[in-house]
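# Remarks on the overall topology
These are the residues of each chain, in order.
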Protein chains: 4
Amino acid sequence: MIQVGIIGGTGYVGAELVRLLSNHNKVHISGISSVQYKGKSLSSIYTGFYKINELICESQQDVVEKSDLIFLALPSGLSQAIIEKAVQKNKICIDMGADFRFKNEDLYKKWYGRDFINHDLHQQSVYGLPELNREHIRKSQIIGNPGCYATSVELALLPLISGNLIEKKGIIADCKSGITGSGKNLTESSHFVNCNENFSAYKVVNHRHTPEIEETLSNVCRENVKLTFIPHLIPINRGILSTVYTTPKDTIDLKSIYKKYCEFYKNEYFVKVLPLGEVSKISNVRLSNYCHISLHYDEDNNKLVIISCLDNMIKGSAGQGIQNMNIVLGFSEKEGLAALPAVF
Amino acid sequence: MIQVGIIGGTGYVGAELVRLLSNHNKVHISGISSVQYKGKSLSSIYTGFYKINELICESQQDVVEKSDLIFLALPSGLSQAIIEKAVQKNKICIDMGADFRFKNEDLYKKWYGRDFINHDLHQQSVYGLPELNREHIRKSQIIGNPGCYATSVELALLPLISGNLIEKKGIIADCKSGITGSGKNLTESSHFVNCNENFSAYKVVNHRHTPEIEETLSNVCRENVKLTFIPHLIPINRGILSTVYTTPKDTIDLKSIYKKYCEFYKNEYFVKVLPLGEVSKISNVRLSNYCHISLHYDEDNNKLVIISCLDNMIKGSAGQGIQNMNIVLGFSEKEGLAALPAVF
Amino acid sequence: MIQVGIIGGTGYVGAELVRLLSNHNKVHISGISSVQYKGKSLSSIYTGFYKINELICESQQDVVEKSDLIFLALPSGLSQAIIEKAVQKNKICIDMGADFRFKNEDLYKKWYGRDFINHDLHQQSVYGLPELNREHIRKSQIIGNPGCYATSVELALLPLISGNLIEKKGIIADCKSGITGSGKNLTESSHFVNCNENFSAYKVVNHRHTPEIEETLSNVCRENVKLTFIPHLIPINRGILSTVYTTPKDTIDLKSIYKKYCEFYKNEYFVKVLPLGEVSKISNVRLSNYCHISLHYDEDNNKLVIISCLDNMIKGSAGQGIQNMNIVLGFSEKEGLAALPAVF
Amino acid sequence: MIQVGIIGGTGYVGAELVRLLSNHNKVHISGISSVQYKGKSLSSIYTGFYKINELICESQQDVVEKSDLIFLALPSGLSQAIIEKAVQKNKICIDMGADFRFKNEDLYKKWYGRDFINHDLHQQSVYGLPELNREHIRKSQIIGNPGCYATSVELALLPLISGNLIEKKGIIADCKSGITGSGKNLTESSHFVNCNENFSAYKVVNHRHTPEIEETLSNVCRENVKLTFIPHLIPINRGILSTVYTTPKDTIDLKSIYKKYCEFYKNEYFVKVLPLGEVSKISNVRLSNYCHISLHYDEDNNKLVIISCLDNMIKGSAGQGIQNMNIVLGFSEKEGLAALPAVF
């Protein structure tokens, strides 16, 4: 059994990793760390784990020590130093935060206010979107797990960008996320009464996933891809739906675009391109690692609209982390991720 | 007291009209009609009205007869004939459906599958958006009350379109509505389990409010305005939020745009242009006749984003109908509509 | 115009008072006070009030000074001293908190940990349940507005207790409330993700409304009334539903009980006894000052079940406060409270 | 691999069985039947199963033929005849409906309006509550899977009833369920707008699970157990919480009761007795086969309150069915049911 540790195990990402890894047949959770809850059980925080998972929070060092692979579920900026040491000890590191999502240090600095502490680490690392970088992930020791919005928008656009089918400027991503995306902290914007029976945008044209998406897609086509990205909050727990508006270079035949998507994702078990006429919806991917993509064409205005959705905590975070783990460890990608969507 | 009747009083629009008109100080509800529930009380359908409003559903004819003004809350296509007769009897008619939202018969025919039965009626009628057509409304006998999405998108765009500040093509309206927008009928898409913890688009690039918005805005600027419009369902009862993406003709200064909006709406009590930096949210207009508008600029991509929201049952329907009634009858526009938003 | 001030105007109770009083035709809001937000506008906290109500938070003293009547919406324990001074200045005081809900100082001390600072005040004061104490309220200068759960349980039981129809011991009140009942503070139990798709009890057999209900009902029948009360949280914003289980002294005829309820509440506009066979539901009283009561009999077990519901922020708090104000000022009780329930 | 068929596979129970059985390592779904959808794929109804499970609905006969074990997820009354034939062919039958929940034909007749068609079948059959009847289940060919409310109330009461610790009369079960409990049909009571922001009771003192619970518990103690049972609807998809009020025969020490519960359920993996002071909540069992039980004592009134909760679709239905299947087939009870609760 491979020993897997979780650094920062008590936030939503950590807890979701524990929930999913508990039913993974090829790895064992070696330990979880928490500064705030050290010495306390995870089930004292998530009481639903009572007598199912009674892991006790330990120090980071202890967890790293006894693990072959570590997940880091930390606020941005805190992973680099830990990974630097862990790599020296030959641990595989999957960073669930933003520290290894960028190759461009200037971008990282601009949006996250920090430097790369060791450029070698960033050269070794890979952006952990399996549908884009599977072969690199297989050989990497450091994997930067993508952001939740970024995953949904990138999967929506990859076939178009790589096929050079749309204008690279003026893309619009109107995205909507459930409240788990804001995390476990108590804030005005996560107070029940402020979310329920409400809907609103936030961080308008100023969300950190914008440069992540732009960098990733620009690297694919070696052109400057630019998008306007606005996230909104839906009063639900889980799920992201991204409505992405693009301008085809020429007028298109939607059926041929559909074929290109099917071809592009034909070996991707977790990405389902829906038949034309169907519409992606969050309930159809909830509690699963799937991403659904539907395609729509506004002929009058030559706008190709892609609607993608996924569970922000799974394909948008913990599930994709485990998918990356499965790849780097040579397991079946489905291992631990085979749950069907909880469609109701 | 002016006598006001409601034709088709048992759907959501009819019930909301009754709810609001019950506290209007200058009109009296003369009667409501229903084919399906004739002879039954409204409170047998909406049991919350028990012993508060015990109106009995009557025939259309009886209601028209005893009213000075009638609201028609009917499926599209059923209003024209009734209005034709009512107008002859000098009744004022406010159609809550689509029959009098179009001046262009071809558009109406294309999207609703019907003809204008009497062109004179359509010439007399006015599109009932007070912020656009107040003076015409004042003198009209037939008012076509705008669609809910249409109201939110048009209020978002009017200052830009009339000021010739943006490209008229390529506008994108990504709209989200609560479930009351789908009405009272039992459908798969209004089953609780299908809505709750879900979010999805519907009628993608194929919703009937598209031509309504395009016609209205094109008439304003005497150019062809084109937009891509995608509605989505939010798992809440009430509210619409529209995120509208536009391309300014030149790069802009957001503050000057903000001033133009403030100027444009300075006499409009129900339209609030939020201070720069604020974001419109549905909870802030819920259960009220207000429309909130916030302005955002993506300088990198020269996209001006307008977020507008309103309560689809009030400013998007019954409230706007009453606002139109107040105008045509010479009352204060606020009469019966002064409720503050139920912010929680 | 009577000048009405609100001490502690920025919590949910204060904001709801402002919302409702803004449409009251016979009083004017003289001012609101807040320690935390002094100098700031109410609309900076509740942004939905933007340009509708731009009251600026002042000091308590200033608000008391310019008011004829004050509402106190403060944490328990803070009202007594303010009321003592205000009464000397001949102000009428309506305390929305618990300080004047008890006549029995021991009970107050046991559950709230404080003493009565001036026994004269408590002798002058009246428990502000209009259906029980209307005549006393009319003449009182200090009104202790009842708790939300207490109102719903007391209205459910008053006809039975005053008619000596049930056992006074062993009553069970299984109550359910929306999340606004927990207030505006950020707590684990009001985090959206912890409430949504959840349901749970809290303060089991240990909630402060228990002694309030017991004292009120015991005073009615001059016997010791005892109940087991368990509150639960519903993932909705507003509303309380109380399912109250009682044991009739003899086997009963439900129709005769129904008649007694109708008789008991025949002059109470805001209490609706539903026809037998109907069931109270929160949506039917939402956003209104009504209380619905339905009656059910389990003949097999001789249990008479009363289900009552109301909007916790209105009949359970601000609305009832205004009803009390209307009584004490000699207005129609409906003034400012005539809104029909927002049944959807 | 054991071949398992589902008769009536397209309702919520059938779909949930498919969802869970798809990840069961020791059985294979041989087929599903549907009269309404024969020839159509399950994924055309539950589009979230697209390209994950593409089972085609067949006839009942075909499914029975190729199965070793069948689940029957049918409206009450339709299972008996199918089971009669299936048993002759040596199939094991797990009835998810009510046809085999009763031993007392009169009760079944009174509440479901039908006769037992073959008394031998009912003699062979067992009530499938593993915590009560595990050894019988192991040897039975016909298992009547308990109702969802019944499971939650029975697990709450079993230790008390079997220990003769409480009065057998006057028990009160105030139960609350998510909307999936009402099934997939389109009804007024499952319309989103009627459920959302609402809470109400239904079938007050008249729900069919009452006699089921009474019979089961009466058989345990060989005395007549009587309860008043009122179900309510919570605006959530999944979950049941039952607040059960009992009267101890003597005043009690809660700690000793707690020990009795722990002892009673010590070998029951899926029933968790929470530490004293903790409160059961639906989110802690959601999407899992666990049942949580918390204990509370109102000393003043000598009422012992038990709060139990479970996921109505899993431990309350499909999960318990699979647990029964695992028992009768000699598998580990956890097989296919090891998912941790989705605590957010």
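Conventions adopted
- Starting from 1, residues in each chain are numbered consecutively following that chain's sequence as written.
- Starting at A for chains and at 1 for ligands, labels are handed out in the order in which the entities are written.
- For a predicted model such as this one, the threshold for reporting local features is a pLDDT of at least 70, and the threshold for listing and counting side-chain atom pairs is 80 or more; totals across whole chains, interfaces and linings nevertheless cover every residue.
- To obtain the side-chain values, all non-hydrogen atoms of the structure were included, while hydrogens and water were left out.
- UniProt positions are given in the numbering used here, feature names are shortened, and annotations may be inferred rather than shown by experiment.
- Comment: elements are numbered from the N terminus, with helices defined as DSSP H or I runs of at least four residues and strands as E runs of at least two.
- Radius of gyration here uses only the C-alpha atoms, and the compact-globule reference equals 2.2 Å multiplied by the residue count raised to the power 0.38.
- In this description, contact between two residues means that some pair of their heavy atoms is separated by no more than 4.5 Å.
- Accessible surface area values rest on a Shrake-Rupley calculation with a 1.4 Å probe, where residue burial reflects the displayed protein chains alone.
- Two residue types count as positive, namely Lys and Arg, and two as negative, namely Asp and Glu; His and chain ends fall outside the count.
- In plain terms, the charge of a residue is placed at NZ if it is Lys, CZ if Arg, CG if Asp and CD if Glu.
- Buried residues of nine kinds, namely Ala, Val, Leu, Ile, Met, Phe, Trp, Tyr and Cys, make up a nonpolar core once their side-chain atoms join them within 4.5 Å.
- We call a residue buried when its accessible area falls under 20% of the maximum for its residue type, exposed when it is over 50%, and partly exposed in between, using a 1.4 Å probe and counting protein chains only.
- Note: buried area is the sum, over both parts, of the accessible area (probe 1.4 Å) each one loses when the two are combined.
- The term salt bridge refers to a side-chain nitrogen of Lys or Arg lying within 4 Å of a carboxyl oxygen of Asp or Glu.
- Counted as a polar contact is a pair of N or O atoms within 3.5 Å, where, for protein atoms, one must be capable of donating a hydrogen and the other of accepting one, and residues adjacent in sequence contribute only when both atoms are in side chains.
- Axis lines are fitted to C-alpha atoms, over the contacting stretch for helices. Their N-to-C directions set the angle, which ranges from 0 to 180 degrees.
- Each angle is binned into one of four classes, with values under 35 degrees roughly parallel, values over 145 roughly antiparallel, values of 65 to 115 roughly perpendicular, and all other values oblique.
- For any pair of crossing helices, the crossing counts as left-handed if the nearer helix is rotated counterclockwise from the farther one by less than a right angle, and right-handed if it is rotated clockwise.
- Polarity classes work like this: nonpolar for Ala, Val, Leu, Ile, Met, Phe, Trp, Tyr, Cys and Pro, charged for Asp, Glu, Lys and Arg, and polar for all others, with Gly in that last group.
- In this scheme Phe, Tyr and Trp rings, the latter by its six-membered ring, pair at centre separations within 6.5 Å, and the angle between planes marks the pair as stacked below 30 degrees, edge-to-face above 60, and tilted otherwise.
- Criterion for a charge above a ring: Lys NZ or Arg CZ within 6 Å of the ring centre, and within 35 degrees of the ring normal.
- Strand pairing is assigned whenever DSSP detects at least two bridges linking the two strands.
- Helix span is expected to be 1.5 Å times the residue number reduced by one.
- Here the copies were fitted onto each other by least squares, based on C-alpha atoms from residues at pLDDT of at least 70 in both.

Taking an unreviewed UniProt entry as the reference, chain A is identified by name as N-acetyl-gamma-glutamyl-phosphate reductase belonging to Clostridium aromativorans. Turning to chain A, the UniProt record has this under Function (unreviewed entry): "Catalyzes the NADPH-dependent reduction of N-acetyl-5-glutamyl phosphate to yield N-acetyl-L-glutamate 5-semialdehyde." Looking at the Sequence similarities (unreviewed entry) heading of the UniProt record, one finds this comment for chain A: "Belongs to the NAGSA dehydrogenase family. Type 1 subfamily."

### Regarding the overall build of chain A
Helices and strands together make up the secondary structure of chain A, namely twelve helices and 14 strands. The C-alpha atoms of chain A give a radius of gyration of 20 Å, which matches the 20 Å a tight globule of 344 residues would have. Dimensions along the principal axes, computed over C-alpha positions, put chain A at roughly 60 × 45 × 35 Å. Sequence separation of 24 or more characterises 71% of the internal contacts of chain A that already satisfy a separation of 6 or more. Accessible surface, chain A: about 11600 Å² in total, of which carbon and sulfur atoms supply 46%. Counting 37 positive and 35 negative side-chain charges, chain A places the averaged centre of each group 3 Å from the other.

### Section: the nonpolar core
Ranked by size, the top nonpolar core spans 243 residues in total, and within it A:F71, B:F71, C:F71 and D:F71 carry the most contacts. Contacts of A:F71, omitting those with residues within four sequence positions, involve A:V4, A:G5, A:I6, A:I7, A:L17, A:L21, A:I94, A:M96, A:G321, A:I322 and A:M325.

### A word on the interface of chain C and chain B
Counting residues at the interface gives 39 residues for chain C and 39 residues for chain B. Taking both partners together, chain C and chain B bury about 3100 Å²; carbon and sulfur atoms supply 64% of that area. Three residues, C:Y50, C:L340 and C:F344, lead the burial of chain C against chain B; their summed loss comes to 27% of the area buried on that side. The tally of links between chain C and chain B comes to zero salt bridges. Applying the counting rule to chain C against chain B returns twelve residue pairs in polar contact (both at pLDDT 80 or more).

### A look at the packing of helix α8 (residues 148–162) of chain C against helix α10 (residues 209–221) of chain C
Residues and elements named next belong to chain C. Between α8 and α10, whose axes approach to 10 Å, the crossing angle comes to 25 degrees. By the angle class used here, α8 and α10 are roughly parallel. The way α8 lies across α10 gives a crossing that is right-handed. Residues C148, Y149, A150, V153, E154, L157, L158, I161 and S162 of α8 touch α10, and the partners they reach there are H209, E212, I213, T216, L217, V220 and C221. Tallied by class, the residues present in the contact of α8 with α10 amount to eleven nonpolar, three polar and two charged.

### What to know about the packing of aromatic side chains
Counting across every chain of the model gives 52 aromatic pairs over all chains. An aromatic cluster is built from A:Y12, A:Y46, A:F49 and D:F344, whose rings are joined through pairwise contacts. Seen from the ring of A:Y269, A:K272 lies directly overhead, with NZ or CZ sitting 4.3 Å from the centre. A:K334 extends its terminal NZ or CZ atom over the ring of A:Y269, reaching a point 4.0 Å from the ring centre.

### Concerning unusual backbone geometry
Phi is positive for C:N302, close to 50 degrees, though the residue is something other than glycine. The backbone of D:K51 shows a phi angle near 60 degrees, a positive value even though the residue is not glycine. The residue D:K51 is located in the loop between β2 (27–33) and β3 (57–58) in this model.

### Brief notes about the sheet that holds strand β5 (residues 92–95) of chain B
All names here are of chain B. Taken in spatial order, the seven strands make up an open sheet running β3-β2-β1-β4-β5-β7-β6, and their pairing is parallel. Lying at the two open borders of the sheet, with one neighbouring strand each, are β3 (57–58) and β6 (126–127). Two strands pair when backbone bridges link them, and strand β4 (residues 69–72) and β5 are joined in this way by four bridges, in the parallel orientation. When the bridges of β5 are listed, F71 appears paired with I94. Across the sheet, helix α4 (residues 79–88) lies against β1 (2–7), β4, β5 and β7 (142–144), angled at about 165 degrees from β5, the strand it touches most.

### Section: the interface of chain C and chain D
At the interface, 42 residues of chain C touch 42 residues of chain D. Summed over the three residues of chain C that lose the most area to chain D, namely C:E197, C:F199 and C:Y245, the buried surface amounts to 18% of that side. Summed over the shared surface of chain C and chain D, the number is four salt bridges. A salt bridge links D:D300 to C:K226, with the shortest nitrogen-to-oxygen separation between them at 3.0 Å. Between the two partners, chain C and chain D, sit 26 residue pairs in polar contact (both at pLDDT 80 or more). Among the elements of the structure, β8 (171–177), β9 (200–201), β10 (227–233), β11 (240–246), β13 (291–298) and β14 (303–310) of chain C are those that each provide at least two residues to the side of chain C that touches chain D. By residue class, the composition of the side of chain C that touches chain D is 20 nonpolar, twelve polar and ten charged.

### Things to note about the sheet that holds strand β5 (residues 92–95) of chain C
Residues and elements named next belong to chain C. With parallel pairing, seven strands are arranged side by side in an open sheet as β3-β2-β1-β4-β5-β7-β6. The open sheet has two free edges, formed respectively by β3 (57–58) and β6 (126–127), since each of these has just one partner strand. Relative to strand β7 (residues 142–144), β6 runs parallel, the two sharing two bridges. Following the sheet pairing, V126 is matched in β7 by I143.

### Things to note about the pairing of strand β14 (residues 303–310) of chain A
Residues and elements named next belong to chain A. Burial of β14 is extensive: eight of the eight residues sit out of reach of the surface. With seven bridges joining them, strand β11 (residues 240–246) and β14 adopt antiparallel strand pairing. When the sheet's bridge partners are listed, V244 is paired in β14 with I306. Here strand β13 (residues 291–298) pairs with β14 via eight bridges, running antiparallel.

### Quick notes on the UniProt feature "active site" (unreviewed entry) in chain A
All names here are of chain A. Under the present numbering, the feature "active site" (unreviewed entry) in UniProt falls on C148. Within the secondary structure layout, C148 lies in helix α8 (residues 148–162). Those residues in contact with C148, other than ones at most four positions away along the chain, are H209, I240, L310, N312 and G316.

### Quick look at helix α12 (residues 318–329) of chain C
All names here are of chain C. Compared with the 16 Å implied by 1.5 Å per residue over twelve residues, the 16 Å span of α12 between its first and last C-alpha is a close match. For α12, the buried fraction is high: eleven of the twelve residues fall into the buried class. Along α12, the residues that are buried comprise A318, G319, Q320, G321, I322, Q323, N324, M325, N326, I327 and V328. A positive backbone phi angle near 80 degrees is found at G330, which sits one or two residues after α12.

### Observations regarding the relation of the copies chain C and chain D
Of the transformation placing chain C onto chain D, the axial shift is 0.0 Å and the rotation is 180 degrees, giving an RMSD of 0.0 Å. Between the two chains, the operation in question is that of a two-fold axis. Looking at the interface residues of chain C, 100% of them are also at the interface in chain D, so both copies use one shared face.

### With respect to the pattern of salt bridges
Inspection of every chain in the model, using the stated rule, returns 68 salt bridges over all chains. When the shortest N-O distance is used, the salt bridge between A:E16 and A:R19 registers 2.9 Å. In this pair, A:E16 and A:R19 both sit in helix α1 (residues 12–21), three residues apart, roughly one turn of the helix. In this pair, the class of A:E16 matches that of A:R19, namely buried. Here D:K109 makes a salt bridge to D:D115, at a shortest N to O gap of 2.7 Å. Three or more residues joined by partner-sharing salt bridges are found here, namely A:E16, A:R19, A:R238 and A:D311.

### Some thoughts on the UniProt feature "domain: Semialdehyde dehydrogenase NAD-binding" (unreviewed entry) in chain A
Under the local residue numbering, the UniProt record ascribes the feature "domain: Semialdehyde dehydrogenase NAD-binding" (unreviewed entry) to residues 3–140 of chain A. Along residues 3–140 of chain A the backbone is 39% helical and 17% strand, and the end-to-end C-alpha distance reaches 18 Å.

### Considerations on helix α1 (residues 12–21) of chain B
The element α1(B) is largely enclosed, with a buried count of nine among its ten residues. When α1(B) is considered as a whole, its buried residues turn out to be B:Y12, B:G14, B:A15, B:E16, B:L17, B:V18, B:R19, B:L20 and B:L21. For α1(B), the secondary structure elements touched by its buried residues are β1, β2 (27–33), α2 (42–45), β4 and α12 (318–329) of chain B together with α8 (192–195) of chain D.

### Some details on the side chain of A:D298
Considering the arrangement of structural elements, one finds A:D298 in strand β13. Buried and without a salt bridge, A:D298 has B:K226 as its closest oppositely charged side chain, separated by 6.6 Å. Within the structure, A:D298 has its side chain in polar contact with the side chain of B:T228 (distance 2.7 Å).

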